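Listed here are the chains, written in short residue letters.
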Amino acid sequence: MGQIVVVGAAAALFLRGTTSGPWVLLALFVGLHVVLLIGAMALLAVTYLLGTLTRHGSRLTESPGGRCGWALLIWAGGAALVGYGRTALGHLGFEPDRHPEVGHWLLGVGVALVVGLLSRSRLVRVGSAALIALFVVVTAALRAFN
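Residues numbered from 1 in each chain as written. Predicted model: local features only at pLDDT ≥ 70, side-chain atom pairs only at ≥ 80, totals over all residues. Heavy atoms only, no water.

Asker: Just checking my understanding: could you explain the side chain of R67 for this structure?
Answerer: Along the chain, R67 falls in helix α4 (residues 64–91). Buried charge without a salt bridge: R67, with E62 as the nearest opposite-charge side chain at an N-O distance of 8.5 Å. A distance of 2.6 Å separates a polar atom in the side chain of R67 from the backbone oxygen of T61. What R67 contacts, discounting residues up to four positions off in sequence, is Y48, G51, T52, R55, L60, T61 and E62. (Helix = DSSP H or I, 4+ residues; strand = E, 2+ residues; numbered from the N terminus. Buried < 20%, exposed > 50% of the residue type's maximum accessible area, 1.4 Å probe, protein only. Lys, Arg positive; Asp, Glu negative; His and termini not counted. Salt bridge = Lys/Arg side-chain N within 4 Å of Asp/Glu carboxyl O. Polar contact = N/O pair within 3.5 Å; in protein donor to acceptor, adjacent residues only side chain to side chain. Contact = heavy atoms within 4.5 Å.)

Asker: Quick question: what am I supposed to make of the packing of α4 against helix α6 (residues 122–145) here?
Answerer: Packed helices, taken two at a time, are described by their axes: the angle between them and the distance between them. Their axes nearest at 10 Å, the elements α4 and α6 cross at an angle of 25 degrees. With respect to α6, the axis of α4 lies roughly parallel. As α4 packs across α6, the resulting crossing turns out to be left-handed. Residues L81, Y84, G85, T87, A88 and H91 of α4 form the contact with α6, whose participating residues are I132, F135, V136, T139, A140 and R143. Residues belonging to the contact of α4 with α6 are distributed by class as follows: seven nonpolar, four polar and one charged. (Axes fitted to C-alpha atoms, helices over the stretch in contact; angles between N-to-C directions. Parallel < 35°, antiparallel > 145°, perpendicular 65-115°, else oblique. Left-handed = near helix turned anticlockwise from the far one by under 90°. Nonpolar A, V, L, I, M, F, W, Y, C, P; charged D, E, K, R; others polar.)

Asker: Quick question: what am I supposed to make of the side chain of S128 here?
Answerer: For S128, the location among the structural elements is in helix α6. A relative accessible area of 5% means that S128 is categorised as buried. If sequence neighbours within four positions are ignored, S128 has contacts with L113, G116 and L117.

Asker: Explain the nonpolar core here, please?
Answerer: One broad rule of soluble globular proteins: the nonpolar side chains tend to lie buried together. Formed by L43, W70, I74, W75, L81, V82, L107, V111, L113, V114, V115 and I132, the largest nonpolar core amounts to 12 residues. At the level of elements, α4 and α5 (100–117) are the ones that each hand at least two residues to this core. Contacts of L113, omitting those with residues within four sequence positions, involve L81, S128, L131 and I132. (Core = buried A, V, L, I, M, F, W, Y, C linked by side-chain atoms within 4.5 Å.)

Asker: What am I meant to see in the environment of G110 here?
Answerer: Within the secondary structure, G110 sits in helix α5. Taking the C-alpha atoms as reference points, G110 and W75, separated by 35 residues in sequence, lie 8.9 Å from one another. Residue contacts for G110: discarding those within four places in its chain leaves G78 and L81.

Asker: Would you mind going over the packing of aromatic side chains with me for this structure?
Answerer: Within a pair of aromatic rings, the relevant descriptors are the distance that separates the centres and the angle that separates the planes. In the structure shown here, the tally under the stated rule is one aromatic pair. Centre to centre, the rings of Y84 and F135 are 5.9 Å apart; their planes meet at 80 degrees, and the pair counts as edge-to-face. Taken together, the residues span a long stretch of sequence, with Y84 in helix α4 and F135 in helix α6 at a distance of 51 residues. Among the residues examined, Y84 registers a relative accessible area of 23% and is labelled partly exposed. (Phe/Tyr/Trp six-rings, centres within 6.5 Å; stacked < 30°, edge-to-face > 60°.)

Asker: What exactly am I supposed to notice about the environment of W70 here?
Answerer: Residue placement: W70 occurs in helix α4. Using a relative accessible area of 0% as the deciding quantity, one classes W70 as buried. Put simply, W70 and V115 are 45 residues apart on the chain and 8.5 Å apart in space, counted from C-alpha to C-alpha.

Asker: Looking at this structure, how should I read α6?
Answerer: Residues lying three or four places apart along an α-helix face the same way, a consequence of the helix completing one turn every 3.6 residues. When the terminal C-alpha atoms of α6 are compared, their 34 Å separation across 24 residues agrees well with the 34 Å that a helix rising 1.5 Å per residue should span. For α6, every residue scored as buried is listed here: V124, S128, I132 and T139. One side-chain oxygen at the N-terminal end of α6 lies 3.4 Å from the backbone nitrogen of L123; it belongs to S121. (Expected span 1.5 Å × (residues − 1).)

Listed below in structure tokens is the structure:
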């Protein structure tokens, strides 16, 4: 459970400061692609480090190679959930671009749920899967009714 909280909070807080400040200034000088690559590598490195610090939370984080796969799975799954969530919110009339902080927190929650899916505890895995399924079903139903 600690792994979920640590990685989810780190995701939300890490991405919170990326839409302004020195990152934007750096992008003007070296290019957006370079900044995105640096950011992605830093994010994966921080996630790998968090997996190392909480290595008993998942079977995948017990070995260095497993932690690499774990970090990639977390961000791929979290990004997919956030993409779906932003699209669903957009169809329901919410404008995610007007409230970018919501996207950061959605990513934190999405990543935390994926960490839960990869957890060692069966109860946490089932709970995370149920929350993801509930989110997908409810947003799909709301979109169908609009």
